[in-house]
Amino acid sequence: MSELYESEDFIYNRIPIRIFNHCFDGIEIFTPTHWHRNIEFNLVTCGRIRRIVDGIQYDQTEGDIFIVNSGEIHADHWIDETDHFEGITVQISKSFMERWLGGDFYLSIPEKAEDMQQMINILLQFGTLKQKKEQNGYAGFGENLDGTVENDLSRIRAMELLFRLLGVLRMSCVKKPTGSRRNREDSINKIKEITNYLDKHYTENLTLAAVAEQFHYTSAHLSRLFKKHIGINFHDHLQYLRLMNCVEMMKIHPEMQLTVIALNNGFPNIKSFIETFKRFYGCTPSAWMKKKR
Amino acid sequence: MAYIELQYLSSTITKFTTVKAYLPTDGMSGKNFEPPYKTLYFLPGFSNDATTLMTYLGFRRECELKGIAVVVVDGDNSFYVDHSRRLSNYSAFIKETVDMTRKLLPLSTRREDTFIGGISMGGYGALLNGLRFRSYFSKIAALSPSADCYDLICGHEEMFDRELFENVFGSEEKYYENDTNLCKFYSEVPKEEIPELFIACGEQDDLVGKGVKDFREKLKELEIPFIDRMGQGNHEMAYWEDQMDPVFSFLSEIEPGTKTRLILENHN
């Protein structure tokens, strides 16, 4: 799941923004626990969604904004299996933001309703900009793989919106981190180290006790840390990590035998894989594959 | 010193299989190694099996001298890749073998104690699966590996048949596009994740010689370090027997030639 932990890959002549227009139903409303350096702005445009940041749940509906600060551990989840969700996510380069807002800050949502409305409008316009690009069959900002850049008007429009957003942020969102927030960051960094470790070793036969030993914790302490910051217990997190990697593999290699997919991704046997899959998707993997086709 | 034949039901190749193992416990030389043991998983070549290799070559002696357990599998003529349509997944089988033998035998579960090796087709299997399952293996020892299976099979039609290649790998394009192409695979994995490598191939070996030469050059170009052993020899047991001490010295991190004599002790 390398794409979950993105490195800062914006380059000076690139647009430091990524825009996503989301539209999901039911259990597809799901993003596994991850983090990135980029700062993320989320707007719900229709339906609802559960955001989980640092182990705490926030249920959001139409018109709600959610800001994920740099390095915060977050995930998305459906609230009910019949839910529908549409929204816009805008990710902005941390280093770019630092250049304009200074180094040591974090962002909270605006307190005043008019500032809030301004921010919503800007995010909506980001969404429209992306949509237009996609309708033209091309979603990038005129940036080619070889590093050259095309003279594309949308590049200017995107930066225009970005600077308007920076204005709102500077006026009503920038806060100085407090001491307790810094302490919290320390324990979050530990958790990141551990989830990075799991990310590298999930294919192996891991246990809570073995991982705890690796990091010089007791099992009970590691278990508490997990529950507190990730929001689910160690075993569930590990099984979901394995499951998500299995699902990726099922998409890329539909011809591959499920037993092989399960064992290669760390499930001890096919039964454990099928049970986890059913718990999560509500059907067996083979039924899911048939539906996908 | 213990010899074990271990039969179990494999879910990756959908049949019972037998792995054979030497454990370096209570040796005849009086030297005693305590579990959990460092372990070499070893893959036989085309038309070979575990019994053949273990009776021709000095694994037992090396196990006892260097204190490394040796687990040898039967790989049929699979090239140790997955063949899902036949329910015969010999790549996943490697990982399963490690998990299964760790469950049943007193073997170390640490990466730094776990190695993979093989001869010819098995050498290819070790280079491929050692890298695929690199979180398991810290060292790979490949003896006369068929580093380029297309060249091996389709370049020696007097021995093999193109249909065999297509049956195992799909097509030439698919083989070179995927991680089955070792030169490509080794250039795509971050260098620090690549296990330590030992590659040996006799200078008179024209069965796999070209593939090994290309692979060596690729590794040098990528600046991936490896122990490079050549020497006089063909695709033959005598050459591989000569490599036994160097391989096990590499795995146990001692100077080759310093621990070669198994002198039996009087147990009275």
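Residues numbered from 1 in each chain as written. Chains lettered and ligands numbered in written order. Predicted model: local features only at pLDDT ≥ 70, side-chain atom pairs only at ≥ 80, totals over all residues. Heavy atoms only, no water.

A.B. asks: Please provide a residue-by-residue account of the overall build of chain A, values included.
C.D. replies: When helices and strands are counted, chain A shows 10 helices and 10 strands. Taking 293 residues into account, the globule formula puts the C-alpha radius of gyration at 19 Å, and chain A, at 20 Å, falls close to it. Dimensions of chain A, computed from the C-alpha atoms along their principal axes, are close to 55 × 50 × 40 Å. Out of the 293 residues belonging to chain A, those deemed buried represent 48%. In chain A, the share of contacts with a sequence separation of at least 24, taken over all contacts with a separation of at least 6, comes to 73%. Total accessible area on chain A is roughly 15,000 Å²; 51% of this is exposed by carbon and sulfur atoms. A gap of 2 Å separates the mean positions of the 36 positive and 38 negative side-chain charges of chain A. (Helix = DSSP H or I, 4+ residues; strand = E, 2+ residues; numbered from the N terminus. Rg over C-alpha atoms; globule rule 2.2 N^0.38 Å. Buried < 20%, exposed > 50% of the residue type's maximum accessible area, 1.4 Å probe, protein only. Contact = heavy atoms within 4.5 Å. Areas by Shrake-Rupley, 256 points an atom, 1.4 Å probe, with all protein chains shown as cover. Lys, Arg positive; Asp, Glu negative; His and termini not counted. Charge placed at Lys NZ, Arg CZ, Asp CG, Glu CD.)

A.B. asks: Would you mind going over the overall build of chain B in detail, with residue names and values included?
C.D. replies: Scanning chain B from N- to C-terminus turns up 10 helices and 10 strands. For chain B, the C-alpha radius of gyration of 18 Å lies close to 18 Å, the compact-globule estimate for 268 residues. Summarising its shape, the C-alpha atoms of chain B cover approximately 65 × 40 × 40 Å along the three principal directions. Per-residue burial for chain B yields a buried fraction of 57% across its 268 residues. Accessible surface, chain B as shown: approximately 11,600 Å² in total, 48% of it carbon and sulfur. Positive and negative side-chain charges of chain B, numbering 29 and 43 respectively, have mean locations separated by a distance of 5 Å.

A.B. asks: Lay out the pattern of salt bridges with the relevant residues and their values.
C.D. replies: Close approach of charged atoms allows side chains with opposite charge to pair. Residue and element names in this part refer to chain B. One pass over the full model with this rule turns up 24 salt bridges over all chains. Between Arg-61 and Glu-62 there is a salt bridge; the shortest N-O distance is 3.3 Å. According to the relative accessible area criterion, Arg-61 is partly exposed, its value standing at 29%. According to the relative accessible area criterion, Glu-62 is buried, its value standing at 1%. With a closest N to O distance of 2.6 Å, Glu-112 and Arg-110 form a salt bridge. Classification of Glu-112 as partly exposed rests on a relative accessible area of 45%. Overlapping salt bridges, with partners in common, bring together Arg-61, Glu-62, Lys-66, Glu-241 and Asp-245 in one network. (Salt bridge = Lys/Arg side-chain N within 4 Å of Asp/Glu carboxyl O.)

A.B. asks: With reference to specific residues and values, describe the domain arrangement of chain A.
C.D. replies: Residue and element names in this part refer to chain A. Here chain A is described as being made up of domain 1 (5–175) and domain 2 (179–292). For domain 1 versus domain 2, the distance between C-alpha centres works out to 26 Å. Each partner contributes residues to the interface: domain 1 has 17 residues there, and domain 2 has 17 residues. Buried surface at the junction of domain 1 and domain 2, both sides included, amounts to about 1,500 Å², of which 57% is carbon and sulfur. Seen at the junction of domain 1 and domain 2, the total is zero salt bridges. Inspection of the domain 1/domain 2 interface yields three residue pairs in polar contact (both at pLDDT 80 or more). Broken down by element, the residue count for the side of domain 1 that touches domain 2 peaks at three residues, all from strand β3 (residues 31–36). Residues of the side of domain 1 that touches domain 2, tallied by class, amount to 10 nonpolar, four polar and three charged. (Domains from an automatic or database assignment. Buried area = accessible area lost by both parts, 1.4 Å probe. Polar contact = N/O pair within 3.5 Å; in protein donor to acceptor, adjacent residues only side chain to side chain. Nonpolar A, V, L, I, M, F, W, Y, C, P; charged D, E, K, R; others polar.)

A.B. asks: A description of the sheet that holds strand β4 (residues 68–72) of chain B should follow, citing residues and the corresponding values.
C.D. replies: Residues and elements named next belong to chain B. In space, the eight strands of this open sheet follow the order β1-β2-β4-β3-β7-β8-β9-β10, with mixed pairing throughout. Looking at the sheet topology across the chains shown, the edges are occupied by β1 (2–10) and β10 (227–229). Averaged over all pairs of adjacent strands, the angle between their axes in this sheet comes to 15 degrees, without regard to strand direction. Here strand β3 (residues 38–43) pairs with β4 via five bridges, running parallel. Bridge assignment links Lys-38 to a residue of β4, and that residue is Ile-68. Across the sheet, helix α3 (residues 90–104) touches β1, β2 (15–23), β3, β4 and β7 (114–119), and the angle it forms with β1 is around 125 degrees. (Pairing = 2+ DSSP bridges. Axes fitted to C-alpha atoms, helices over the stretch in contact; angles between N-to-C directions.)

A.B. asks: Give me the lowdown on the pairing of β2(B), citing residues and values where you can.
C.D. replies: Residues and elements named next belong to chain B. Judged from the nine bridges that link them, β1 and β2 form a sheet pairing that is antiparallel. Along β2, the bridge assignment pairs Ala-2 with Leu-23. Joining the antiparallel neighbours β1 and β2 is a turn of four residues, in which Thr-14 adopts a positive phi near 55 degrees. Relative to β4, β2 is paired through three bridges, and the arrangement is antiparallel. If you follow Tyr-22 over to β4, its bridge partner there is Val-70.

A.B. asks: Provide a residue-level description of the packing of helix α1 (residues 94–101) of chain A against helix α3 (residues 153–172) of chain A, including the pertinent values.
C.D. replies: Residue and element names in this part refer to chain A. Two numbers describe how α1 lies on α3: the axes approach to 11 Å, and their chain directions differ by 55 degrees. Comparing their axes, α3 and α1 come out oblique. Considering how the two elements wind past one another, α1 and α3 form a crossing that is right-handed. Here Phe-96, Met-97, Trp-100 and Leu-101 of α1 lie close against α3, whose contacting residues are Met-159, Leu-162, Phe-163, Leu-166, Leu-169 and Arg-170. Tallied by class, residues from the contact of α1 with α3 come to nine nonpolar, no polar and one charged. (Parallel < 35°, antiparallel > 145°, perpendicular 65-115°, else oblique. Left-handed = near helix turned anticlockwise from the far one by under 90°.)

A.B. asks: Give a detailed account of helix α4 (residues 179–201) of chain A, specifying residues and quantitative values.
C.D. replies: Over its 23 residues, α4(A) extends 34 Å from the first C-alpha to the last, a length consistent with the 33 Å expected when each residue adds 1.5 Å. Buried within α4(A) are the following residues: A:Ile188, A:Ile191, A:Lys192, A:Ile194, A:Thr195, A:Tyr197, A:Leu198, A:Asp199 and A:His201. (Expected span 1.5 Å × (residues − 1).)

A.B. asks: Before we move on, could you go through the packing of aromatic side chains and cite the residues and values that matter?
C.D. replies: Here the structure, examined in full by the defined rule, presents 33 aromatic pairs over all chains. Taking the centre distance of 6.4 Å and the plane angle of 45 degrees together, the rings of B:Tyr136 and B:Phe137 count as tilted. Ring centres of B:Tyr150 and B:Phe165 lie 5.1 Å apart, and the angle between their planes is 80 degrees; on these two criteria the pair is classed as edge-to-face. A residue pair is termed long-range when its members are at least 10 positions apart, and B:Tyr150 in helix α5 (residues 149–154) and B:Phe165 in helix α6 (residues 162–169) qualify at 15 residues. Both residues of the pair, B:Tyr150 and B:Phe165, count as buried. Pairwise contacts between aromatic rings join A:Phe30, A:Trp78, A:Tyr240, A:Phe267, A:Phe273, A:Phe277, A:Phe280, A:Tyr281 and A:Trp288 into one cluster. Of note, A:Lys94 hangs over the ring of A:Phe105, and the distance from its end group to the ring centre comes to 6.0 Å. Over the ring of A:Phe20 we find A:Lys130, and its NZ or CZ is 5.6 Å from the ring centre. (Phe/Tyr/Trp six-rings, centres within 6.5 Å; stacked < 30°, edge-to-face > 60°. Lys NZ or Arg CZ within 6 Å of the ring centre and 35° of its normal.)

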